[in-house]
Amino acid sequence: MYRYGEGVLFLGFLLAAWLLCGQISYSDGDDAYFSAMAHSMPFWDYLKMRYVDWEGRMTSEAMTYLAFYLGKGFWQLANSVILALLPAGLVHMMKKLVGEQPPARSFLTTLLVYLVILSIGLPVIGYGAFWITGSTFYLWPIVAGIWALMPYADLVYREQVQPLSFLYAIPCGFVAAMGQEQIAAVAIAFALLAVGTEFYRRRRLPLLHLLEVGIMIAALVLLFISPGTDARTQIGIELCMPQFATMSVGNHIFITVQWVLESFAKDGKMLFGLIWVFAAMLLLPQREQKKRICGGICVVAVVVALLPFLDISLFSEMGTGVTDISQCVTQVATPSSLSAQNWLALVWWLAAVLFTLVLLWLLGETLLERMQLTLLLLAACASEALMYFSPTMYASGARVYFMAHVLLWLLVSLLGEKLIRRGRIQAPVIAGAAGVLHVVCGISVIAAYL
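Residues numbered from 1 in each chain as written. Predicted model: local features only at pLDDT ≥ 70, side-chain atom pairs only at ≥ 80, totals over all residues. Heavy atoms only, no water.

Caption draft 1: Examining the overall build of the chain more closely. Check the secondary structure of the chain and you find 21 helices and zero strands. The globule rule puts the C-alpha radius of gyration for 450 residues at 22 Å, and the 22 Å found for the chain is close to it. Its C-alpha atoms give the chain principal-axis dimensions of about 65 × 55 × 45 Å. By residue count, 55% of the 450 residues in the chain fall in the buried class. Long-range contacts, defined here as pairs at least 24 residues apart, represent 81% of the contacts in the chain between residues at least 6 apart. Carbon and sulfur atoms form 69% of the exposed surface of the chain, whose accessible area is close to 19500 Å². Once the 26 positive and 26 negative side-chain charges of the chain are each reduced to a mean point, those two points are 14 Å apart. (Helix = DSSP H or I, 4+ residues; strand = E, 2+ residues; numbered from the N terminus. Rg over C-alpha atoms; globule rule 2.2 N^0.38 Å. Buried < 20%, exposed > 50% of the residue type's maximum accessible area, 1.4 Å probe, protein only. Contact = heavy atoms within 4.5 Å. Areas by Shrake-Rupley, 256 points an atom, 1.4 Å probe, with all protein chains shown as cover. Lys, Arg positive; Asp, Glu negative; His and termini not counted. Charge placed at Lys NZ, Arg CZ, Asp CG, Glu CD.)

Okay, structure coming up:
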């Protein structure tokens, strides 16, 4: 019965995704542009033009062309399937990471994963998965990257790999690596760690895994050496952030850290809230004083994270000075331009992230699990920090947080599975309640996409 339940969850999610995608219309900006290009240029001419004149994300460009050429009906079906493959991929990954589970526990873990998606930042999933252009440039390559990593999860956690899995993993790896820099960096980093782990354990190099990671690295290199990259960067500097080319390295690092932390405070607050809630539930029953103190700090962190739902911005407004991402940022923030309240928010969230890293290490029961949990959070931070190299850091909007939120989603699910494993079956209920609160408070945001 429970195995059928997992299938019902997948089909229900697929149907919901298809219905939601049916409500989406073309936007006047990028959607209109790509639709015009798809119906006025041959496929290969279009790809050549974009690679030479604009950027190297060729697999995303190809998927975008096909989505607009074949029409909105095709996109609705394709995007629905790919959306459904996102939580399905995380569930599949979870099963490799946590090992065999009894059917009832497996169902509760799967239900938990599906419920946590409701806590992803609404602008993040809106721009990254339901905006038509955003979906082909973010959702599609990110989902490909998740499935590309399956053989590496097998290598580390199951120590046996099905060679047939490379039939989908290698193409997915290529699509991801030449489709979006953030997922490319994450996938390549975790793939190399997996290969390094195998070499450390057995003093051997797995050839098929090396082949796949080699293809991903080559695809990423081809992306970066696109002749259009420099031209696109210069246009981005002129239109979005004129100071990009002249600001000091120190100030550049400062605004990147500020931007990342503010994204966590505003769009990632519910995901971090769930991390701290689940951590508190794991730690407070412990006898060790150190663990109980950390659990108490988690409770305080949850309360602070949820303050924006009461329109209290004391710990979330960090003084970036950017209120309209469509406008050119002529003056970036500096340490001296921040108010005392901005510094309070910045320092609080920096301390919260560092505390969470220590917390995750404490929660791990083995060295491998500790590294797994902390690396997920570090990868989430790094995937956003990559925007240090882009003058469109502010202008890109919330879609560039999508990769980070997927990693935090997996992290929340792993902590929730630890609770379920210990008999705390209320974890899915808590995730569901948090998701409902998040969605209800964001009804106006959701309406803007429909």
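Back to the text.
Caption draft 2: The arrangement of the nonpolar core in detail. Grouped together as the largest cluster of nonpolar side chains are 147 residues, with contacts concentrated most on Leu 139, Phe 272, Trp 276, Phe 278, Trp 349, Leu 359 and Phe 402. Considering every element that reaches this core, the biggest residue donor is helix H19 (residues 402-421), with 14 residues. If we ignore the near neighbours within four places in the chain, the residues touching Leu 139 are Asn 79, Ile 82, Leu 83, Leu 86, Gly 128, Ala 129, Gly 134 and Phe 402. (Core = buried A, V, L, I, M, F, W, Y, C linked by side-chain atoms within 4.5 Å.)

Caption draft 3: Quick peek at the packing of aromatic side chains. Overall, the coordinates contain 19 aromatic pairs when judged by the stated rule. With centroids separated by 5.2 Å and ring planes inclined at 40°, the aromatic side chains of Tyr 46 and Tyr 65 adopt a geometry described as tilted. Of this pair, Tyr 46 sits in helix H3 (residues 43-53) while Tyr 65 sits in helix H4 (residues 58-70), placing them 19 residues apart in sequence. The same class applies to Tyr 46 and to Tyr 65, which are both buried. Grouped by ring-pair contacts, the aromatic residues Tyr 26, Tyr 33, Phe 34, Phe 68 and Phe 137 constitute a single cluster. Over the face of the ring belonging to Phe 199 we find Arg 203, whose NZ or CZ atom lies 5.7 Å from the ring centre. (Phe/Tyr/Trp six-rings, centres within 6.5 Å; stacked < 30°, edge-to-face > 60°. Lys NZ or Arg CZ within 6 Å of the ring centre and 35° of its normal.)

Caption draft 4: Focus on the pattern of salt bridges. Using the criterion set out here, one finds 18 salt bridges in the structure. Close ionic contact of Arg 202 with Glu 198 constitutes a salt bridge, the shortest N to O distance being 3.9 Å. Of this pair, Arg 202 and Glu 198 both sit in helix H11 (residues 181-202), four residues apart, roughly one helical turn. In this structure Arg 202 comes out as partly exposed when scored by relative accessible area, which is 40%. Of the residues examined, Glu 198 reaches a relative accessible area of 2% and is grouped as buried. Residues Glu 262 and Lys 266 are paired through a salt bridge, measuring 3.7 Å at the closest nitrogen-oxygen approach. Here Glu 262 pairs with Lys 266, and both are found in helix H14 (residues 249-266), just four residues apart, close to one helical turn. Residue Glu 262 is classed as buried on the basis of its relative accessible area, which comes to 9%. (Salt bridge = Lys/Arg side-chain N within 4 Å of Asp/Glu carboxyl O.)

Caption draft 5: Local environment of unusual backbone geometry. Although it is not a glycine, Arg 203 adopts a positive phi angle of roughly 55°. When you line up the elements, Arg 203 lands in the loop between H11 and helix H12 (207-224). For Arg 203, a relative accessible area of 55% translates into the label exposed.

Caption draft 6: Structural view of the packing of H4 against helix H8 (residues 132-148). At a minimum axis separation of 9 Å, H4 and H8 run at an interaxial angle of 135°. Put simply, H4 runs oblique to H8. Here the hand of the crossing between H4 and H8 comes out right-handed. Across from Ser 60, Glu 61, Met 63, Thr 64, Ala 67 and Phe 68 in H4, the residues of H8 making contact are Ile 132, Thr 133, Thr 136, Phe 137, Trp 140 and Pro 141. When its residues are assigned to classes, the contact of H4 with H8 shows seven nonpolar, four polar and one charged. (Axes fitted to C-alpha atoms, helices over the stretch in contact; angles between N-to-C directions. Parallel < 35°, antiparallel > 145°, perpendicular 65-115°, else oblique. Left-handed = near helix turned anticlockwise from the far one by under 90°. Nonpolar A, V, L, I, M, F, W, Y, C, P; charged D, E, K, R; others polar.)

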